[in-house]
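One-letter residues, chain by chain:
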Amino acid sequence: MQNLLHNLNEEQLAAVTLPAQSALILAGAGSGKTRVLTTRIAWLIQTGQTSQSGILAVTFTNKAAKEMTARLSAMLPINTRGMWIGTFHGICNRLLRAHFKDAGLPQTFQILDSQDQLSAIKRMLKALNVDDEKYPPRNLMYFINSAKDQGLRAKDVDAADDYNRKFVELYELYDQQCQREGVVDFAELLLRTYELLSRNQPLREHYQARFRHILVDEFQDTNDLQYKWLKLMAGPHGAVFAVGDDDQSIYAFRGANVGNMSAFEREFKVENLIKLEQNYRSHGHILDTANELIANNSKRLGKNLRTDAGHGEQVRIYESISDLAEAQWIIEQVKNLIAEGWGRSEIAILYRSNAQSRVLEHALFSSAIPYRVYGGQRFFERAEVKHAIAYLQLMDNLHNDSAFLRVVNFPTRGIGAKALEQLQDAARQYNCSLYAAVPYVAGKAGSSLNAFIKLIEGARFESQHMPLQEMVKLVLERSTLMTHYQSEKEGADRIENLEQLVSAATLFVSEEGFGLDAPAFLGPQALASAGTGITLGDGIEIIDADASLVTLMSPLSAFLSHASLEAGDNQAQAGQDALQLMTVHSAKGLEFDAVFITGLEEGLFPHENSAKEEGGVEEERRLMYVAITRARKRLYMTFSQTRMLHGQTRYNLRSRFFDELPEDSIKWLSSKVVKQPNSWFAHPKAAWVETPESGNNKIAQGFNRQGSEWRIGQGVAHAKFGEGVIVNIEGDGGSTRAHINFGKFGMKLLDLSVAKLEKVG
DNA sequence: CAAGGCCATAGACCG
DNA sequence: TATGGCCTTG
């Protein structure tokens, strides 16, 4: 115990040893929040206040959950397997597997990732003959997900007009389709669990009594449903230990509600609010810069980071002529750093949007500096892997129409659009799955469909007693996926990924403790007894930490869940000493000795779209705050007068955020006013500002050219298009064009030297 | 059924 | 600039 608390500072110690009541920990960047969380858990267990089965710890990412588990194992001599530490989705999956019957789900329910969800929606719209121009699948998906994220079923959504009523109706039909097919989307995992527990009193009380200590990481990222979920889980007596930082709330766009922090304080009757303001990461000038910037936000819970590390170096600011020049300058600096002995992997280049990485990558490639780009496609999202997974899904749940359609004709086996149309008609007529509808299709189409069914059933039968990894191999062969890619010219990578899928299965089986030779399917007896808590035959038991709950899950089901819930590495592999490139969003939670924040221009950072969103600029500022606080020792900020974007040159103003930094902590490496080759100049003041109410007031200062002062935000009148407003101005020295929004005539791109425009207002 | 051409589009992200 | 979706054509 002594050594457990030994290295904590006063604030951390206070947080770790709080009484068993709900508490809010405001944990600043680099203040040791993960440490506080894990030590809190260890302390609760070690002091006998709870056993390890009484703890529920929730995170947003698998990475965070893994890290927490690993640190905890290092702290306590306990087996962390079976502990309830996981993501919201992972924990819900676990609960739904254990209580699938009460939740109204089939035992082999499968999880749709967002790709699957979108294709399920497209498929539904097609079947219903809905005009997908009028009701775009993406919009419907967004509509459904945000309703679910607020805990609303279709019947709970108030439709303002006919258009919205259609969305509500489609939402309802989508849910029915999912239910029929035995699939759940991500939001459904949470909503279904929430409904299960609110409806089922004994179950609710069981878990409320069990989890007396609930710990939540990154609380500022919770959405409305997650908040309600936590409230339900905690019940009247549970203690929720919420750790978060309102200044690092950067996910409003996916439903996160920072307001949950103050709601939590109020509704959970928080008596202890502890601020962790001691920063162990960054030098003084860097922290001062972050503090001063974020002070420009209103509605903060209030927090100021401090450090004992001393001022350190000032923040270096550099202005360049072009994005190319910016990249080259950065590379020069990187080379110098490396020559001075800074580790390559301790240097990060951050950008606001992915499109910015191209120039940087190109320049890095030319100078032969090893680098790694975060983001991009993940393992289980690759097409070939998804195909293989779909075969497995279909074998585990024959009624998964999404999986059926994905592979019924891949690799091609002569089942075309006509055949599928017949099949879908039959399925509709008999209200059954595509699989079940096959016997109703006659003729040539029927026989090729039958051959496909034989393929799936044959593979299913033969792999019955096979361990998972053998089953995967069999599927790759039987489906002819392997031979298909072998004959493809550029299939080598895909083959490699498919081989890696076999390794992933092997690894999964051994890590989850199934036993390498346990069959992938549950035996028939196990299936029959599922949900009773008793296992028979060769069923696989997943025994919970307190042994009170036995979940029956086949290795195959578990692996398929794993594939959906952990799409795999989305980030650069560790190992090689390489420079790190990533967006600011994906840098959250990481830290580096030296950081470059690039492209600090109006329209880019803050991003132009943020002007239209309520509170958008404040979120951009928090994003900037996150970026700054990634740096330990050295921080660079760069911006460029011109930038290639979508194939045309844009002339941007420097970011308003420069005006919000403390003079003493920054150092301009380029002179403050750089002469422009073509009379453009960066305006020293912010181009457009957000007013708290409207949030989208573009008061813009553009540029000045040949005495005609067209500026962004200028009202204009045109003979044909009527009145409009200048939204953006661009040019390449030769001609100058303006994007003008003419309302009902839409957006026009006009040459300012040609178009006859008058100023209005 | 697959390949090739045309057009629109362009933000950040995890499960 | 580059990618994805859709349509036409072989």
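What you are looking at is a predicted structure, and each value in this text was computed from that prediction instead of being measured.

Observations concerning the overall build of chain A
Right, so step 1: Per the secondary structure count, chain A includes 27 helices and 23 strands.
Right, so step 2: Per-residue burial over chain A gives 54% buried out of 761 residues.
Right, so step 3: Counting only contacts in chain A whose residues sit at least 6 apart along the sequence, the fraction spanning at least 24 positions is 75%.
Right, so step 4: When the accessible surface of chain A is split by element, carbon and sulfur atoms take 50% of a total near 33,100 Å².

With respect to the packing of helix α9 (residues 186–199) against helix α11 (residues 224–234)
Pairs of packed helices are described in terms of their axes, by the angle between the two and the distance that separates them.
Right, so step 1: Where α9 contacts α11, the axes come no closer than 10 Å and their chain directions differ by 30 degrees. As far as their axial angle goes, α11 and α9 are roughly parallel. In the crossing of α9 with α11, the sense of the turn from one axis to the other is left-handed. Where α9 approaches α11, its residues A187, L190, L191, T193, Y194, L197 and S198 are matched on the opposing element by L225, Q226, K228, W229, L232 and M233.

Focus: helix α15 (residues 357–366)
Right, so step 1: Every buried residue of α15 is listed here: S357, L360, A363 and L364. Down the axis of α15, the buried set is contained in an arc of 135 degrees. They therefore lie on one face. Every exposed residue of α15 that faces more than 90 degrees away from the buried side is listed here: R358, H362, F365 and S366.
Right, so step 2: Buried positions along α15 lie against α14 (323–339), β10 (347–351), β11 (371–373) and β14 (579–583).
Right, so step 3: A368 sits one or two residues past α15 and shows a positive phi near 60 degrees.

Regarding the sheet that holds strand β6 (residues 213–216)
Right, so step 1: In space, the six strands of this open sheet follow the order β3-β2-β6-β7-β1-β8, with parallel pairing throughout. Here the strands that pair on one side only, and so sit at the sheet edges, are β3 (84–87) and β8 (272–276). Across the sheet, the mean angle from the axis of one strand to that of its neighbour is 15 degrees, orientation sign disregarded.

Thoughts on the packing of aromatic side chains
Right, so step 1: For the structure on display, the rule yields 27 aromatic pairs.
Right, so step 2: Judged by centre distance (4.6 Å) and plane angle (35 degrees), the ring pair of F264 and F268 falls under tilted. Both residues of the pair, F264 and F268, count as buried.
Right, so step 3: Among the aromatic residues, those joined into a cluster by ring pairs are Y135, F143, Y163 and F167.
Right, so step 4: Its end group placed over the ring of W84, R94 keeps NZ or CZ at 4.4 Å from the ring centre.
Right, so step 5: Its guanidinium or amino end placed over the ring of W342, K633 lies 5.9 Å from that ring's centre, counting from NZ or CZ.

Quick word on the pattern of salt bridges
Right, so step 1: One pass over the full model with this rule turns up 47 salt bridges.
Right, so step 2: For R632, the salt bridge identified is with D593, shortest N-O distance 2.7 Å. One end of the pair, R632, is in strand β16 (residues 631–645); the other, D593, is in strand β15 (residues 592–597), and 39 residues separate them in sequence.
Right, so step 3: Under the relative-accessibility criterion, D593 is labelled buried at 12%.
Right, so step 4: Salt bridges linked by common partners bring K148, R153, D175, D185, E188, R192 and E195 together as one network.

Observations concerning the nonpolar core
Right, so step 1: Counting residues in each nonpolar core, the largest one holds 64 residues, and the members touching the most others are L56, I214, W229, M233 and F264.
Right, so step 2: A per-element tally of this core places α11 first, with seven residues.
Right, so step 3: With residues near it in sequence (within four places) discarded, I214 still touches L56, V58, L230, M233, A234, A239, V240 and F241.
Right, so step 4: I389, V441, M482 and L498 belong to the second largest nonpolar core, which has 59 residues in total.

Some words on the UniProt feature "binding site: ATP" (unreviewed entry) in chain A
Right, so step 1: UniProt records the feature "binding site: ATP" (unreviewed entry) for A27, G28, A29, G30, S31, G32, K33 and T34 in the present numbering.
Right, so step 2: In this fold, K33 is placed in helix α3 (residues 33–46).

Describing the pairing of strand β7 (residues 239–244)
A regular strand places its side chains so that they alternate between the two faces of the sheet.
Right, so step 1: A large share of β7 lies buried, amounting to six of its six residues.
Right, so step 2: Going residue by residue along β7, you find A239, F241 and V243 tucked away on one face and V240, A242 and G244 tucked away on the opposite face as well.
Right, so step 3: As judged from the four bridges shared by strand β1 (residues 23–27) and β7, these two strands associate in the parallel manner. Looking across to β7, one finds that L26 is bridged to G244.
Right, so step 4: Each parallel crossover has a hand, and for β6 linked through α11 to β7 it is right-handed.

Overview of the protein's contact with DNA strand B
Right, so step 1: Lining the immediate environment of DNA strand B, one finds 30 residues, of which N62, N354, R378, T412 and E613 sit closest.
Right, so step 2: Of all atoms in DNA strand B that approach within 4 Å of the protein, 51% are sugar or phosphate atoms.
Right, so step 3: Taking R254, its side chain carries an N or O atom lying 3.4 Å from a sugar or linking oxygen of DNA strand B.
Right, so step 4: Between a base nitrogen of DNA strand B and a side-chain N or O atom of R352, the distance comes to 3.0 Å.
Right, so step 5: Partitioned by chemical class, the residues of the surface near DNA strand B number seven nonpolar, 18 polar and five charged.

Concerning the pairing of β15
Right, so step 1: Burial analysis of β15 places six of its six residues in the buried class, which makes it a mostly covered element.
Right, so step 2: Bridge count between β10 and β15: four bridges; the pairing is parallel. In the strand pairing of β15, I349 is matched with F596.

Overview of the protein's contact with DNA strand C
Right, so step 1: In the vicinity of DNA strand C, the contacting residues are R358, H646 and G647.
Right, so step 2: Sugar plus phosphate: this is where 33% of the atoms of DNA strand C within 4 Å of the protein reside.
Right, so step 3: In the model, a phosphate oxygen of DNA strand C is placed 2.7 Å from a nitrogen or oxygen of the R358 side chain.

The rules behind each value
- Residues numbered from 1 in each chain as written.
- Chains lettered and ligands numbered in written order.
- Predicted model: local features only at pLDDT ≥ 70, side-chain atom pairs only at ≥ 80, totals over all residues.
- Heavy atoms only, no water.
- Helix = DSSP H or I, 4+ residues; strand = E, 2+ residues; numbered from the N terminus.
- Buried < 20%, exposed > 50% of the residue type's maximum accessible area, 1.4 Å probe, protein only.
- Contact = heavy atoms within 4.5 Å.
- Areas by Shrake-Rupley, 256 points an atom, 1.4 Å probe, with all protein chains shown as cover.
- Axes fitted to C-alpha atoms, helices over the stretch in contact; angles between N-to-C directions.
- Parallel < 35°, antiparallel > 145°, perpendicular 65-115°, else oblique.
- Left-handed = near helix turned anticlockwise from the far one by under 90°.
- Arc of directions from axis to C-beta.
- Pairing = 2+ DSSP bridges.
- Phe/Tyr/Trp six-rings, centres within 6.5 Å; stacked < 30°, edge-to-face > 60°.
- Lys NZ or Arg CZ within 6 Å of the ring centre and 35° of its normal.
- Salt bridge = Lys/Arg side-chain N within 4 Å of Asp/Glu carboxyl O.
- Core = buried A, V, L, I, M, F, W, Y, C linked by side-chain atoms within 4.5 Å.
- UniProt positions renumbered as here; feature names shortened; annotations may be inferred.
- Right-handed = clockwise from strand over helix to strand, strands pointing away.
- Near = heavy atom within 4 Å.
- Polar contact = N/O pair within 3.5 Å; in protein donor to acceptor, adjacent residues only side chain to side chain.
- Nonpolar A, V, L, I, M, F, W, Y, C, P; charged D, E, K, R; others polar.

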